[in-house]
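Chain and residue survey
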Amino acid sequence: MVAVRPQSFGVSDSVIVAIANQKGGVGKSTTAISLAATLAQSGLSVLVVDLDPQGNATSGLGIDRAALSETMYDVLVVGTKADDAMVESSTPGLWVLPATIDLAGAEVELVSMLSRELRLKNSLNQSSRHFDAILIDSPPSLGLLTINGMAAADEILVPIQAEYYALEGLTQLMANIERVRAHLNPDLEVEGVVLTMHDNRTRLAKDVGDQVREYFGDRTYRTIVPRSVRLSEAPSYGEPIETYDPMSQGAIAYRELGREWRRRHGYDQR
């Protein structure tokens, strides 16, 4: 099956989601890849924006980073059009704005640039392609790359690992979201929180889940993503879990998360 090239309507009616948490290893890239794939397989047109210099979302969707001529670095620093850097993944309807380690230098180079926090937003606004959903995979930091993602987004999705230090740093994350809202993006909201790497055999996981629901209320997704070896394996094969092992517990969980996301955003009624 061949993916249909995105239609030319621009991104003004896209739902732009920044997947963010300053803690590393909580499943940001896995969530970006897996949610994007299940949304695409449901018939939506989806773009993954890889803002992490590690490029995990890029390689996890089977994009050969060594073969790329234009990447997120070129979009943010050089001024390359986002449309020219987008590449098609093997999943029909799913496109990627890819990243390589070169993006690490952007944090320094952006400092002296005009409108440095809005480089991504301005580039996406100039795109002529239509996507139903744009998912931004943010790096595990609160630097200029993450701020660019938040400034471009309509909403934030926060993956939280069900572990002892799960809520550590969330106060700082929320404070930075408030700063972005005050100075760059007044409409930015934390739309959802998803529990990841959950082991339902432990009391700790249940306690963390209860704390998250108490703090975020109905913004917490009902779907809980389990700890899964298959989820960990899939990126090394350049495939989302949806195609790598569609009957695994991880794939089932992300399909349910996708259904919840579509219901929240009204796509099941369109």
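Please refer to the structure higher up on the page.
The paragraphs below set out a description of the structure included in this document. (Residues numbered from 1 in each chain as written. Predicted model: local features only at pLDDT ≥ 70, side-chain atom pairs only at ≥ 80, totals over all residues. Heavy atoms only, no water.)

1. Here's the deal with helix α7 (residues 144–152)
Rule in force here: For each residue, the accessible area found with a 1.4 Å probe, counting protein chains only, is set against the maximum for its type, and the residue is called buried under 20%, exposed over 50%, and partly exposed in between. Numbering of helices and strands runs from the N terminus; a helix is a DSSP stretch of H or I covering at least four residues, while a strand is a stretch of E covering at least two.
Among the nine residues in α7, eight count as buried, and that is most of the element. Listing the buried residues of α7 in full gives Leu-144, Leu-145, Thr-146, Asn-148, Gly-149, Met-150, Ala-151 and Ala-152.

2. A short note on the sheet that holds strand β6 (residues 155–161)
To be explicit about the condition: Strands are labelled as partners when DSSP assigns at least two bridges between them. By the convention used here, residues are in contact when the closest approach between their heavy atoms is within 4.5 Å. In this analysis an axis means a line fitted to C-alpha atoms, helices contributing only their contacting stretch, and an angle means the value between N-to-C directions, from 0 to 180 degrees.
Strands sit in the order β3-β4-β2-β5-β1-β6-β7-β8 across an open sheet of eight strands; the sheet is mixed. If you trace the sheet from one side to the other, it starts and ends with β3 (87–88) and β8 (220–226), each paired once. Here helix α1 (residues 28–41) sits on the sheet in contact with β1 (15–19), β2 (46–50), β4 (94–97), β5 (133–137), β6 and β7 (189–198), set at roughly 165° to β5. Helix-sheet contacts for α7 involve β1, β5 and β6, and the interaxial angle to β1 is about 150°.

3. What to know about the packing of α7 against helix α8 (residues 170–183)
How two helices pack is summed up by the angle between their axes together with the distance between the axes. This is how it is decided: Just so you know how the angles are binned, under 35 degrees is roughly parallel, over 145 roughly antiparallel, 65 to 115 roughly perpendicular, and the rest oblique. Working rule for handedness: look at the near helix, and if it is turned counterclockwise from the far one by less than a right angle, call the crossing left-handed; if clockwise, right-handed. Put simply, Ala, Val, Leu, Ile, Met, Phe, Trp, Tyr, Cys and Pro go in the nonpolar bin, Asp, Glu, Lys and Arg in the charged bin, and everything else, Gly too, in the polar bin.
For the pair α7 and α8, interaxial distance at closest approach is 10 Å and the crossing angle is 60°. Classed by the angle they form, the pair α7 and α8 counts as oblique. For α7 against α8, the interelement crossing comes out right-handed. Side by side, α7 and α8 meet where Ile-147, Met-150 and Ala-151 of the first sit next to Leu-173, Ile-177 and Val-180 of the second. Classifying every residue of the contact of α7 with α8 by side-chain character gives six nonpolar, no polar and no charged.

4. Looking at the packing of aromatic side chains
Defined as follows: Note on ring pairs: Phe, Tyr and Trp rings are taken, using the six-membered ring of Trp, and paired if centres are within 6.5 Å. Classes follow the plane angle, with under 30 degrees stacked, over 60 edge-to-face and the rest tilted.
The tally for this structure, following the rule as stated, stands at three aromatic pairs. Aromatic side chains Tyr-237 and Tyr-244 sit 5.1 Å apart centroid to centroid with 25° between the ring planes, which places their arrangement in the stacked category. With a relative accessible area of 56%, Tyr-237 lands in the exposed category. A ring pair is formed by Trp-261 and Tyr-267, whose centres lie 5.8 Å apart and whose planes are at 10°; its orientation type is stacked. Like Tyr-267, Trp-261 is buried.

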